[in-house]
Amino acid sequence: MASHGVARAATILQRTEQELKEEQKQIEEYRDLEGLINAKIAERQYTLEVLELTSKLLKKNPEYYTIWNVRRRLLIYGLFSKPSDSSSPSKASLTTTQTDMPMTVSESLSLPTTGTSTDSSTTPHNPASQKIGKIGTTLDLIRTDLDFLFPIMMKFPKCYWLWNYRLWLLRQANERLNPDIARQLWTAELTLVGKMLVKDSRNFHGWGYRRMVVSELESKKLNGKSMVESEFEYTTKMIHGQNGLSNFSAWHRRSKLIPRLLDERGTDDAARRQFLEDEFELIISAMYTDSYPYAQSAWFYYQFLMTTLTDYVGHATITPNFSQDDRAEYVTRQLVILKDMLDGAEDCKWIYNALIEYTIVLSEMQDRELDTGEKEDCKLWLEELRKLDPMRGGRWDDLESVLSDSRHSLDM
């Protein structure tokens, strides 16, 4: 298998008899640990001791999703519900207790401080659950659990259950803590996922998680506001980073942000036209760079931009007030650019595919049949596609049938 085009090294090695015995011993220890946890949960022992046992097991196997659910039960029915010190924290006590605690991952990310909110959430807050530095308080349990997850996430960054559990844990903070304190945790989370995406900028788990974190930070329950401008800038930064032009997730995130970005800016028609020009320039420049005419991710974003012109009804679009002639003009210009792009990239199937698609679209937009020159061009481009990608012979047969109908006949 491969990951983002990088071959995964083989891990099957010849092992000695001693190594096999050691492995068997580890298997037995694993099974004993699993059995112990199941026995204690059956007895409803929702204690810190059992939580530690689940930690040991999950470090060995974070894919064991049932144990993540056990961990949730331990917190909900046991540890979160236990009585704590009844004193209410002050801003001064928050600062003092933080400095007395050992440095944790979440603290090392420099949590911002905010004023105390007078708003109340739908879930009543227990003042004791907001204390920092007292073992057994809800906040301390949540922060400790977040810190426990971090090294496992670094080792297994694409484990679904890890991301799901971390998100669940932070949403527990929304329900059980003061909104200002919960917001500090989510803000730290945005910094954390940013660092993880620096390590692997194309980790789609990280990108999906980032979208959820931003959504929470924007929410009313956390006294949030729109982050669309900063997130759009973030996609620009990631696209211009190393291997950024082949980053599916960055391009996809950008496409989802654009309609909202333009609406929030209150952009007029002239500014929208210029925005579209700039985005086309960005992606076309990327395609002309090095080997990027062959990068599928760049073509997906190009297709998104073209769709805002060719299939805009019922979809979010950049230029909703474009006339049909305006749209046809843009498609015509793009066909010229695509033909120029073939020079030096005659073996790039994406260009031929786009040329055929948008030649047909242009004729439909102008309510006419393909002219003789267009028919000949499409015939040649389809022949090249068959040579470059013979595995998709059925796809090219279907395309030929489309081109051979009464409207777009190629006389093939």
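As the structure is a computational prediction, the values presented were derived from the model and not from experiment.

Rules used throughout
- Residues numbered from 1 in each chain as written.
- Predicted model: local features only at pLDDT ≥ 70, side-chain atom pairs only at ≥ 80, totals over all residues.
- Heavy atoms only, no water.
- Helix = DSSP H or I, 4+ residues; strand = E, 2+ residues; numbered from the N terminus.
- Areas by Shrake-Rupley, 256 points an atom, 1.4 Å probe, with all protein chains shown as cover.
- Axes fitted to C-alpha atoms, helices over the stretch in contact; angles between N-to-C directions.
- Parallel < 35°, antiparallel > 145°, perpendicular 65-115°, else oblique.
- Left-handed = near helix turned anticlockwise from the far one by under 90°.
- Contact = heavy atoms within 4.5 Å.
- Nonpolar A, V, L, I, M, F, W, Y, C, P; charged D, E, K, R; others polar.
- Buried < 20%, exposed > 50% of the residue type's maximum accessible area, 1.4 Å probe, protein only.
- Arc of directions from axis to C-beta.
- Core = buried A, V, L, I, M, F, W, Y, C linked by side-chain atoms within 4.5 Å.
- Phe/Tyr/Trp six-rings, centres within 6.5 Å; stacked < 30°, edge-to-face > 60°.
- Lys NZ or Arg CZ within 6 Å of the ring centre and 35° of its normal.
- pLDDT = per-residue confidence, 0-100.

Some points on the overall build of the chain
Turning to step 1, where the next piece is worked out: Helix and strand content of the chain: 17 helices and 2 strands.
Turning to step 2, where the next piece is worked out: Summed over its atoms, the accessible surface of the chain is roughly 22,000 Å², and 52% of this surface lies on carbon and sulfur atoms.

What to know about the packing of helix α11 (residues 248–265) against helix α12 (residues 269–288)
Turning to step 1, where the next piece is worked out: Following both chains from N to C, one finds α11 and α12 inclined at 165°, their axes separated by 12 Å at the closest point. In terms of their interaxial angle, α11 and α12 are classed as roughly antiparallel. The interaxial crossing formed by α11 with α12 has right-handed handedness. Facing α11, whose interface residues are Trp-251, Arg-254, Ile-258, Leu-261, Leu-262, Asp-263 and Arg-265, α12 presents Arg-272, Phe-275, Glu-279, Leu-282 and Ile-283.
Turning to step 2, where the next piece is worked out: Its residues placed into classes, the contact of α11 with α12 shows 7 nonpolar, no polar and 5 charged.

A closer look at helix α17 (residues 393–403)
Turning to step 1, where the next piece is worked out: For α17, every residue scored as buried is listed here: Trp-396, Leu-399 and Leu-403. The buried side chains of α17 occupy one side of the element, clustering within an arc of 60° when seen end-on.

A few points about the nonpolar core
Note that soluble globular proteins tend to have their nonpolar side chains buried in a common cluster.
Turning to step 1, where the next piece is worked out: In this structure, Phe-280, Ile-283, Trp-299, Tyr-302 and Tyr-358 are the most contacted members of the largest nonpolar core, which totals 60 residues.
Turning to step 2, where the next piece is worked out: Contributing elements (two or more residues each) for this core: α10 (228–239), α11, α12, α13 (296–310), α14 (324–341), α15 (349–365), α16 (372–388) and α17.
Turning to step 3, where the next piece is worked out: Tallying contributions element by element places α15 first for this core, with 10 residues.
Turning to step 4, where the next piece is worked out: Beyond its immediate chain neighbours, meaning those up to four positions away, Ile-283 contacts Trp-251, Ala-298, Tyr-301, Tyr-302 and Leu-305.
Turning to step 5, where the next piece is worked out: Leu-57, Ile-142, Trp-163 and Leu-167 belong to the second-largest nonpolar core, a separate cluster that totals 48 residues.

Details of the packing of aromatic side chains
Turning to step 1, where the next piece is worked out: Applying the stated rule across the entire model yields 15 aromatic pairs.
Turning to step 2, where the next piece is worked out: Ring geometry for Trp-68 and Tyr-165: centres 4.9 Å apart, planes at 35°, overall tilted. Here Trp-68 is found in helix α3 (residues 65–79), whereas its partner Tyr-165 is found in helix α7 (residues 160–176), with 97 residues between them in sequence. A single burial state applies to Trp-68 and to Tyr-165, both of which are buried.
Turning to step 3, where the next piece is worked out: When the ring of Trp-299 is compared with that of Tyr-302, the centres are 5.5 Å apart and the planes differ by 75°; the resulting orientation is edge-to-face. On the criterion of helical spacing, the pair formed by Trp-299 and Tyr-302 is a turn pair, its members being 3 residues apart in helix α13.
Turning to step 4, where the next piece is worked out: Here the aromatic residues Phe-280, Trp-299, Tyr-302, Phe-322, Tyr-330 and Tyr-358 are joined through ring pairs into a cluster of three or more.
Turning to step 5, where the next piece is worked out: Residue placement shows Arg-210 over the ring face of Tyr-234; its charged tip is 3.6 Å from the ring centre.

Section: unusual backbone geometry
Turning to step 1, where the next piece is worked out: Positive phi is not limited to glycine here, since Arg-44 has a value of about 60°.
Turning to step 2, where the next piece is worked out: Mapped onto the secondary structure, Arg-44 falls in the loop between α1 (17–42) and α2 (48–60).
Turning to step 3, where the next piece is worked out: Even without being glycine, Asn-223 reaches a positive phi, approximately 55°.
Turning to step 4, where the next piece is worked out: Following the sequence through the fold, Asn-223 ends up in the loop between α9 (204–218) and α10.

Brief notes about the confidence of the model for the chain
One rule of thumb: low pLDDT means the predicted coordinates there are not for detailed reading.
Turning to step 1, where the next piece is worked out: In this model, the chain carries an average pLDDT of 82, and 81% of its residues clear a pLDDT of 70 or more.
Turning to step 2, where the next piece is worked out: When the criterion is pLDDT under 50, residues 84–136 qualifies, and its contacts beyond four places in sequence or with other chains add up to 83 contacts.

Topic: the packing of α3 against α7
Turning to step 1, where the next piece is worked out: Where α3 contacts α7, the axes come no closer than 10 Å and their chain directions differ by 15°. Between α3 and α7, the crossing angle belongs to the class labelled roughly parallel. The element α3 and its partner α7 pack so that their crossing is right-handed. Contacts from Tyr-65, Trp-68, Arg-71, Arg-72, Leu-75 and Ile-76 in α3 reach Trp-161, Leu-162, Asn-164, Tyr-165, Trp-168, Leu-169 and Arg-176 in α7.
Turning to step 2, where the next piece is worked out: Counted by class, the contact of α3 with α7 contains 9 nonpolar, 1 polar and 3 charged residues.

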